[in-house]
Amino acid sequence: MKKIPLYLQIIIGMILGIIFGIIAVVFKFDSFVADWVKPWGTIFISLLKLIAIPLIFVSLIKGITSLSDISKLSRIGLKTVSWYLFTTVIAITIGLLIVNTINPGKYFSEDKRIEFQQKYSERIEVKQQAATEHKKKGPLQFVVDIVPENIFAASADNSKMLQVIFFAILLGIAMLSIKNKNVEVVRDFFEGFNDIILKIIDYIMKIAPLGVFALLAALIVDFTDGDIVEAKDLFIALGIYSLSVVLGILVMIFVFYPILLKFVAKQNIVEFFKAILPAQLMAFSTSSSAATLPVTMECCEKKLKIPEEYSGFVLPVGATVNMDGTSMYQAIAAVFIAQVYGMDLDLMQQLTIVLTATLASIGAAAVPGAGIIMLVIVLNSIGVPVEGIALIMAVDRILDMMRTTVNVTGDSTIATIIYKSENK
Ligand code: ASP
């Protein structure tokens, strides 16, 4: 029998998970899903996170040491960062154009606003606190945060991936600049280590269909809170806002990236999307670019044939700092909330959104729900009441899945561009 390809297995897992979740809610065995199904989804995500730090570390070192010299590294580094910034700013601009045209906040009634605020008031405080801690620090704090004082402490915390990246780059550069036998041994060691990690990822991917089944079944149960009718109401109330975000996401995936791929990278678009589909599905199911990284790397290396010297550098950095979907969503959400409160944002405030949403998306951790925490910073910067995130909380989980898919697509697009630009 012909083996079903991975992406199909994942799609089947997703669909069955959704159906199972709905059946569980309708027939009221949702607690069974919470107790017996959800844990498998959690285990699957834990496995992906478990491998993320070793993968980032080893692939960066391998990527850097396979470059011929340091000048090539700095060239690729500069290019990568510039492309990442460019796509983020474009994403925010697209978001602003959409939200200012559709004006989703104008469709949201005063009654609904009060109702939502009461309902979600507790959850907001938690998010607000997390964001205040972020903000309390000075303007240069984010640079300070990149440099770890202890590499083991940094590796022990998944939110410190930038610190691990910093150390890996440092180590890679040092290894690249010493050419002797002893360092050769270390290089071989990392090469072997890399193969081992890729093997572990193979194992994890074998249970991916099951993992996404469990994740989506649990998600349906959590989202509906046992009541499908109420979930439907929430969706309708937030429909135009959600549609604005979805529209932005579609523009990014089906217009913006294809243009870059076709005209800048000269890459066959269908081939590209076929290759990265498993990564997109994984991003959608896990809502975490970091957890998806192993799959993104596999798709780019095996299917798009991007050599590790590029993918090993561009993708781990991208998963951590390049979040086009998140930044675009933050722009739409900020303007939506302002509109609901009857505030009209002037050009200066919209430009502030471009700046803060860029920083907020860079600072957002590559985990579920990070985008909405950083949204607090964007709202603060333009003087929109932070309580407003109560309005969008109900649909955030779903939108998170979609924006993470954009984040991962963006990383893969830039990896392709960088590779092609170096190999004309
Ligand atoms: N979940 C997103 C990611 O990991 C971040 C976010 O927007 O919440 O890419």
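Calculation notes
- One numbering rule holds for all chains: residues counted from 1, following each sequence as written.
- Given that the model is predicted, a residue must reach a pLDDT of at least 70 before its local features are reported, and side-chain atom pairs must reach 80 or more before they are shown or counted; all residues, however, enter totals for whole chains, interfaces and linings.
- As a rule here, side-chain values cover all heavy atoms of the structure and leave hydrogens and water aside.
- A run of H or I in DSSP becomes a helix once it reaches four residues, and a run of E becomes a strand once it reaches two; helices and strands are each numbered from the N terminus.
- For this measure, only C-alpha atoms enter the radius of gyration; the expected value for a globule follows 2.2 Å times N^0.38, where N is the number of residues.
- Three exposure classes are used, based on accessible area relative to the maximum for each residue type with a 1.4 Å probe and protein chains only: buried under 20%, partly exposed in between, and exposed over 50%.
- Two residues form a contact once any of their heavy atoms are found within 4.5 Å.
- In short, Shrake-Rupley with a 1.4 Å probe defines the accessible areas, and a residue's cover is counted only from the protein chains shown.
- In these notes, a set of buried Ala, Val, Leu, Ile, Met, Phe, Trp, Tyr and Cys residues joined through side-chain atoms within 4.5 Å is what counts as a nonpolar core.
- When at least one non-hydrogen atom of a residue lies within 4 Å of a molecule or strand, that residue is treated as near it.
- In protein, a polar contact requires one atom able to donate a hydrogen and another able to accept it; more generally it is a pair of N or O atoms within 3.5 Å, and residues adjacent in sequence count only if both atoms are side-chain atoms.
- Whenever a carboxyl oxygen of Asp or Glu lies within 4 Å of a side-chain nitrogen of Lys or Arg, that contact is scored as a salt bridge.

Draft legend 1. Highlighting the overall build of the protein chain. Each helix and strand counted, the protein chain has 18 helices and zero strands in total. Relative to the compact-globule value of 22 Å for 424 residues, the protein chain shows a C-alpha radius of gyration of 22 Å, a close match. Looking at the 424 residues of the protein chain, the share that counts as buried comes to 52%. Pairs at least 24 residues apart make up 84% of the contacts formed inside the protein chain by residues separated by at least 6 positions. Approximately 19300 Å² of the protein chain is accessible, and the part contributed by carbon and sulfur atoms is 67%.

Draft legend 2. Looking closely at the nonpolar core. Tyr241, Met282, Phe336, Ile337, Ile353, Leu375 and Ile392 are the most contacted members of the largest nonpolar core, which totals 128 residues. Broken down by element, this core gets its largest block of residues, 15 residues, from helix H18 (residues 389–422). Apart from the residues lying within four places of it in its own chain, the contact partners of Leu375 are Tyr329, Gln330, Ala333, Ala334, Ile337, Ile389 and Ile392. Counting eight residues, the second largest nonpolar core, distinct from the first, contains Ala24, Val33, Val37 and Ala214.

Draft legend 3. Highlighting the site of the ligand. In the vicinity of the ligand, 15 residues are found, and the nearest of them are Ser289, Thr326, Gly371, Asp400 and Arg403. Within the side chain of Arg403, an N or O atom sits 2.6 Å from an oxygen atom of the ligand. With the chains in place, 100% of the 270 Å² that the ligand exposes on its own is no longer accessible. Those elements giving two or more residues to the shell around the ligand turn out to be helix H17 (370–381) and H18. It is H18 that contributes the most residues to the shell around the ligand, four residues altogether.

Draft legend 4. Up close: the environment of Asp69. Among the structural elements, Asp69 can be located in the loop between helix H2 (30–65) and helix H3 (70–102). With 107 residues separating them in the primary sequence, Asp69 and Leu176 have C-alpha atoms 6.7 Å apart. Only 2.8 Å separates the side chain of Asp69 from the side chain of Ser71, close enough to count as a polar contact.

Draft legend 5. Up close: the pattern of salt bridges. This model, assessed by the stated rule, comprises eight salt bridges. One salt bridge in this structure joins Lys302 and Glu298, with 3.8 Å as the shortest N-O distance. Highlighted residues: Lys302 and Glu298, both in helix H13 (residues 289–303), separated by four residues, approximately one helical turn. The exposure class assigned to Lys302 is exposed, which follows from its relative accessible area of 52%. With a shortest N-O distance of 3.2 Å, Asp396 and Arg403 are connected by a salt bridge. Using a relative accessible area of 7% as the deciding quantity, one classes Asp396 as buried.

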